[in-house]
Amino acid sequence: MRQELLSLPKGLAEDVSRNLVMVAKLIDEDPEQAYGYSRVALRLASRVAAVREAAGFAAYATQRYTEALAEFRASRRMTGSVELWPVMADCERGLGRPERALAMAGEPEVQKLDKAGQVEMRLVAAGARRDMDQLDAAIVTLQSPELASNSVQPWTPRLRYAYADALLAAGREDDAREWFAKTLESDKDGVTDASDRLAELDGVEFVDAVSEDEPDEVDEVDEDELLDQERREIDRPEFDDEADDEAVAEAEAEDDIEDGDDRRDDK
């Protein structure tokens, strides 16, 4: 990609590069926003294959399959590479054309793919079979040396998971459980939900823990009584202990003076 961007003027290359970086950063967590960045890059440099490819993946992530397929085809014309062949076939599935995906699985381009690409093509073909309600054919499609191998490769968890899921759809629950377990053994990065599928097959239910110490119910308070209490608190003079004693002494002295005045008046 860097080599392709070097063909652009420096300022333009930097702008395109920034947008492509944002596409890569956001495509999993916020595919719609990634799609927006890809459109900017596409407007700036539509003749760069890497830009067309990035735009294709952003469209694919947002299920814009017609657009994604067009971008992948454009990138392939520019580079001559067959690397995108499996995802192009999956776009055909997304467009409701599984028979076209199957036809692509039988094309000579598949033989030019590396091992990872061939496994990906097998997954797409099996998915197309399932789209056509051909479960047994989907299971047979997934049966391969890569599936039987004990060697764990990056594609192993997804391949085993697809096989387990197809077995379960065909009603072969015991076999499905075995392969979900094998998926879990190989899935160190958690790319599948094999553990949840196993738990479901075993009848395990995950329930949110509820605290046994429920909060006590708050007694209802009479609003009028509460207002009267607040008024009393407001009207009550605030004294500290020493000031309170002085106030009492002053009050007693005033009482004595008033008593003396009353006695003089009586005389």
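Use the structure listed above.
Summary of the structure given here. Only a predicted model underlies this, so the values are computations on that prediction, with no experimental measurement involved.

## A word on helix H12 (residues 173–186)
- Taking 1.5 Å of rise per residue, 14 residues should cover 20 Å, and H12 covers 20 Å from first to last C-alpha, within 8% of that figure.
- Those residues of H12 not exposed but buried are Ala176, Trp179, Phe180, Thr183 and Ser186. In an axial view of H12, the angular spread of the buried residues amounts to 120°, which keeps them on one side of the axis. In H12, those exposed residues whose orientation departs by more than 90 degrees from the buried face are Asp174 and Glu185.
- In this structure, the buried side of H12 is in contact with helix H10 (145–148), helix H11 (156–169) and helix H13 (194–201).

## Considering the packing of aromatic side chains
- Under the counting rule described, the total for this entry stands at four aromatic pairs.
- For the pair phenylalanine 57 and phenylalanine 72, a centre-to-centre distance of 5.0 Å together with 70° between the ring planes defines the contact as edge-to-face. In this pair, phenylalanine 57 is assigned in helix H4 (residues 49–61) and phenylalanine 72 in helix H5 (residues 65–79), connecting sequence segments 15 residues apart.
- With relative accessibility at 31%, the residue phenylalanine 57 sits in the partly exposed group.
- Its relative accessible area of 0% is what places phenylalanine 72 among the buried residues.
- Taking the centre distance of 5.5 Å and the plane angle of 65° together, the rings of tyrosine 161 and phenylalanine 180 count as edge-to-face. Taken together, the positions of tyrosine 161 in helix H11 and phenylalanine 180 in helix H12 put the pair 19 residues apart, joining distant regions of the chain. Each member of the pair, tyrosine 161 as well as phenylalanine 180, is classed as buried.
- A cation sits over an aromatic face here: arginine 64 above tyrosine 35, 3.9 Å from the ring centre.
- Above the face of the tryptophan 179 ring, lysine 182 is positioned so that its terminal group lies 4.1 Å from the ring centre.

## Some remarks on the pattern of salt bridges
- By the definition in use, this model includes 16 salt bridges.
- Here arginine 130 and aspartate 165 are joined by a salt bridge, their closest N and O atoms 2.8 Å apart. Note that arginine 130 is positioned in helix H8 (residues 115–131) and aspartate 165 in helix H11, a separation of 35 residues in sequence.
- Its salt-bridge partner being arginine 197, residue aspartate 165 comes within 2.9 Å of it at the nearest N-O pair.

Criteria and cut-off values
Residues numbered from 1 in each chain as written. Predicted model: local features only at pLDDT ≥ 70, side-chain atom pairs only at ≥ 80, totals over all residues. Heavy atoms only, no water. Helix = DSSP H or I, 4+ residues; strand = E, 2+ residues; numbered from the N terminus. Expected span 1.5 Å × (residues − 1). Buried < 20%, exposed > 50% of the residue type's maximum accessible area, 1.4 Å probe, protein only. Arc of directions from axis to C-beta. Contact = heavy atoms within 4.5 Å. Phe/Tyr/Trp six-rings, centres within 6.5 Å; stacked < 30°, edge-to-face > 60°. Lys NZ or Arg CZ within 6 Å of the ring centre and 35° of its normal. Salt bridge = Lys/Arg side-chain N within 4 Å of Asp/Glu carboxyl O.

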